[in-house]
Structures are given as C-alpha cells and as structure tokens.
Amino acid sequence: MERVKRLKDGDGAWMSEAQGKAIKIISALLEHLPSNQRYKVIFMQRTLAETLASQRKMLIHRGEDPARIDDAELTRLFQKHLQKVEAWLAGQPNITVLYVNYNEMIAAPSPFLTQINRFLDQRLDSEQMLAAVDRTLYRNRAA
C-alpha cells in the first residue's frame, strides 16, 4: 500500500522526510496531515461529471457495483464532501491553498503553471512544467 494511504491510520511521521517535495493526496486524506508541519496544497478542481466518472471506474476496478448509488446521490455526497474539505482547509493555519481549475489548465496550461510556480516561490522550471503536461492522460472527460 502506498504510504500516503496510511495517513488516516496515523502514519504521518514520514511526512517530515517529504519536505520540499510534491505528494499527491486525495481530498479525503488532507485532514489527516500532521498538524505540526506547514503545507502548500494545490487543490485541483475538476468538473463534477469527470470526477464522478473517475469514481465509477475506480469502483468497477475494485469489483464493486457502480450503480449502487445513483448519480444524483453521488453528486450530492461529493459536493458535501468538497464543502467540508474546503471549510476545513480554510481553518488550518499551517496550510496555504491554491485552487486550480484542472479542466482549464489542461486546455491552456501556461498561465496556470505560472500561478503554481509563483505559489511555490518560483522554485520550479516553467519549461519542464509545461513539458510535463500530458493531455493523453486526460481520460475521464465530461460527456
């Protein structure tokens, strides 16, 4: 299991070793970050339809029935989750957040990459950032 998934079990001591590095963490695990460290969170916001399509694919991959919850209920639950996470993030003095519209960034990455680099204190190579944007990985588009 990836170590980041064990944050919810209290395994966060390794986070000090990750200082200055990027770590992908799903929104449900953010509240388990150790509070004794400072974080810069780049929160990627996708259209809800794409997020739900991705979730359904994950359920199928796990062998679970994706139809057990209808789209309207899943949408309601996910919106409630996002509101809770965003409110929690706003109240954390040790966390600074940059919200980035994923869909717009994929379509026209340059201004977003400039914004991200500024957020991260200009420590990244903008050309390498742009080269890393791979539109072929953009699989769960809204219909």
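Calculation criteria
- Residues numbered from 1 in each chain as written.
- Predicted model: local features only at pLDDT ≥ 70, side-chain atom pairs only at ≥ 80, totals over all residues.
- Heavy atoms only, no water.
- Salt bridge = Lys/Arg side-chain N within 4 Å of Asp/Glu carboxyl O.
- Helix = DSSP H or I, 4+ residues; strand = E, 2+ residues; numbered from the N terminus.
- Buried < 20%, exposed > 50% of the residue type's maximum accessible area, 1.4 Å probe, protein only.
- Polar contact = N/O pair within 3.5 Å; in protein donor to acceptor, adjacent residues only side chain to side chain.
- Contact = heavy atoms within 4.5 Å.

Trainee: For the pattern of salt bridges, give the residues involved together with the corresponding values.
Mentor: This model, assessed by the stated rule, comprises four salt bridges. Among the salt bridges present, the one from Asp121 reaches Lys40, with a minimum N-O distance of 3.2 Å. Of the two residues, Asp121 sits in the loop between helix 4 (109–119) and helix 5 (126–132) while Lys40 sits in strand 1 (residues 39–45), which places them 81 residues apart along the sequence. Residue Asp121 is classed as partly exposed on the basis of its relative accessible area of 49%. Accessibility expressed as a relative area gives 40% for Lys40, which makes it partly exposed. Between Glu73 and Arg76 there is a salt bridge, with its nearest N and O atoms 2.9 Å apart. In this pair, Glu73 and Arg76 both sit in helix 2 (residues 71–90), three residues apart, roughly one turn of the helix.

Trainee: How would you sum up the side chain of Asn94? Please name residues and give values.
Mentor: Positionally, Asn94 belongs in the loop between helix 2 and strand 2 (95–101). A residue is classified by how much of its surface remains accessible, and Asn94, at 11% relative accessible area, is buried. Separated by 3.4 Å, the side chain of Asn94 and the backbone oxygen of Ser35 make a polar contact. Leaving out residues up to four positions away in the same chain, Asn94 has contacts with Pro34, Ser35, Gln37, Arg38 and Tyr39.

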